[in-house]
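Report on the structure
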Amino acid sequence: MLKLKSILFMHQLAILIKTYKPDFERAKVLINSINEYNIDKIPVYISVNDEDYDYFQDNLNTQHTLIKDSSIYKTNVTDGWRYQQIIKTQFYRLNVANNYLCIDSDSQFIKNFYLSDFIYSDNIPYTIMHESKSFLETMERIDMDTETIFFKQALKATRKILGTKGKQWDYGPSPYLWSCKVWQHFNEVFLASKNQKFEDFFNDIEKTAIPSETVIYGEYLRVCNLIPILPIEGFFKVYHYKKQFDIEKKFHDIDKLKKVYLGVIFQSNWTQKKKRFKLF
């Protein structure tokens, strides 16, 4: 394993995989896909729950940098879903990259990818920011009310605090592309001025909606304007729900998806009790 101290310079971009023991097999598939398609050798950091670190160290055969969550940030939040969001947003504290691609274990790259897919120039990343019309149309087909869909609810609650307005932007799906400069400013300037931690901000949002870290990032970027906003759609094809895949599976063709996306995600919330889908 590479040690964190061996990183002697700041990269333009890093890949952050936040995972834990129950997702070990998924993480291996993701890492193998990164090894195959990471043409520009973008550095990879694998952050795991402290209690799972030894297991990963003993069983994950990789040259990527394995770290404990606590080396990034210590939080008293124990709910897994909120906990992992908080850890992801604090990665900037390691000071190893100007930007990072934050990716979950249920993801898999399907074709070559390059630094230029994520970075425009001079350490300026693209920003995932769009109206998500095709996704909303699909959600209506599976009888989900898109007026109350998760990212819109998180957006509404976040805007009440930040004072932003305008179109209902979607800042996803995963993987997320974030500037460390934006997260640092949010935590160390905005929240510090309110004598808050990230957890406090989460709690404020949760009074009316389920928080979303990527909504917070996108809306705060619009507030601080620390980097130019160069909007793009998501990098991966995401199957959020089984009903969605049931509708689209007859069109599921990896060779065709490669022309549009860098990867595919079958979200683990509905595949965890099934074998991982064979993509090829």
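Here's a quick rundown of the structure. Note that this is a predicted model, so its numbers are computed, not measured.

It is worth spelling out empty space enclosed by the protein at this point. Within the structure shown, the criterion is met by one cavity of 30 Å³ or more. Counted as a void, the largest cavity has a volume near 40 Å³. Taken together, T127, I128, Y171, Y176, L177, W178, T214 and Y217 form the lining of the largest cavity. Residue assignment for the lining of the largest cavity shows that the elements contributing at least two residues are β8 (127–128), β9 (176–179) and α8 (213–224). The residue inventory of the lining of the largest cavity, partitioned by class, reads six nonpolar, two polar and no charged.

Now for a negative patch on the surface. Judged by side-chain charge, E140, D143, D145 and E147 come together as a negatively charged surface patch. Assignment of secondary structure puts D143 in the loop between α4 (133–141) and α5 (150–162).

Moving on, we get to the pattern of salt bridges. Note that side chains of opposite charge can pair when their charged atoms are close. Inspection of the entire model under this criterion finds ten salt bridges. In this structure, K18 engages D69 in a salt bridge whose closest nitrogen and oxygen atoms are separated by 3.0 Å. With K18 in strand β1 (residues 11–19) and D69 in the loop between β3 (65–68) and α3 (80–89), the pair connects residues that are 51 residues apart, well separated along the chain. Judged by its relative accessible area of 7%, K18 is buried. Residues E206 and R82 are paired through a salt bridge, measuring 2.3 Å at the closest nitrogen-oxygen approach. Here E206 is found in the loop between α7 (198–205) and α8, whereas its partner R82 is found in helix α3, with 124 residues between them in sequence. In this structure R82 comes out as partly exposed when scored by relative accessible area, which is 21%. Three or more residues joined by partner-sharing salt bridges are found here, namely D79, R82 and E206.

Let us now look at the sheet that holds strand β4 (residues 97–104). One open sheet accounts for five strands, arranged β3-β2-β1-β4-β9; its pairing is mixed. Each having just a single partner strand, β3 and β9 make up the two edges of the open sheet. Here the strands of the sheet are splayed against their neighbours by 25 degrees on average, with no regard to which way each runs. Strand direction decides the pairing type here: β1 and strand β2 (residues 44–48), joined by five bridges, are parallel. Across the sheet, residue K18 finds its bridge partner in β2, namely S47. Contacts from helix α1 (residues 24–37) reach β1, β2 and β4 within the one sheet, and its direction differs from that of β1 by about 160 degrees.

In this model, the second largest pocket occupies a volume close to 200 Å³. Along the walls of the second largest pocket sit M10, Y92, N95, A97, N98, N99, N123, S179, C180, K181, Q184 and I227, which together make up its complete lining. Those elements that place two or more of their residues in the lining of the second largest pocket are β4 and α6 (180–193). By residue class, the composition of the lining of the second largest pocket is five nonpolar, six polar and one charged.

Contact geometry for α3 and α7: axes closest at 11 Å, N-to-C directions at 130 degrees. Taken as axis vectors, α3 and α7 run oblique relative to one another. The two elements α3 and α7 cross, and the hand of that crossing is right-handed. Between α3 and α7, the residues in contact are R82, Q85, I86 and T89 and F198, E199 and F202, respectively. Considered class by class, the residues forming the contact of α3 with α7 number three nonpolar, two polar and two charged.

On to the nonpolar core, then. The tendency in soluble globular proteins is for nonpolar side chains to be buried side by side. One finds F91, Y100, W183, F186, F198, F201 and I216 to be the most contacted residues of the largest nonpolar core, which totals 37 residues. The greatest single-element share of this core, amounting to six residues, is contributed by α6. Not counting residues up to four positions away in its chain, the partners in contact with W183 are T89, Y92, Y100, W178, F198, E213, I216 and Y217. In this structure, I17, F109, F113 and F118 belong to the second largest nonpolar core, which totals 31 residues.

Each value, and the rule that gives it
Residues numbered from 1 in each chain as written. Predicted model: local features only at pLDDT ≥ 70, side-chain atom pairs only at ≥ 80, totals over all residues. Heavy atoms only, no water. 1 Å grid on protein atoms, 1.4 Å probe; cavity = no way out; pocket = protein on both sides within 12 Å on 5 of 7 lines; lining within 4 Å. Points joined across faces, edges and corners; volume = space filled by probe spheres on them. Helix = DSSP H or I, 4+ residues; strand = E, 2+ residues; numbered from the N terminus. Nonpolar A, V, L, I, M, F, W, Y, C, P; charged D, E, K, R; others polar. Patch = residues over 30% accessible without salt bridge, like charges linked within 9 Å, V, L, I, M, F, W, Y side chains within 5 Å. Areas by Shrake-Rupley, 256 points an atom, 1.4 Å probe, with all protein chains shown as cover. Salt bridge = Lys/Arg side-chain N within 4 Å of Asp/Glu carboxyl O. Lys, Arg positive; Asp, Glu negative; His and termini not counted. Charge placed at Lys NZ, Arg CZ, Asp CG, Glu CD. Buried < 20%, exposed > 50% of the residue type's maximum accessible area, 1.4 Å probe, protein only. Pairing = 2+ DSSP bridges. Axes fitted to C-alpha atoms, helices over the stretch in contact; angles between N-to-C directions. Contact = heavy atoms within 4.5 Å. Parallel < 35°, antiparallel > 145°, perpendicular 65-115°, else oblique. Left-handed = near helix turned anticlockwise from the far one by under 90°. Core = buried A, V, L, I, M, F, W, Y, C linked by side-chain atoms within 4.5 Å.

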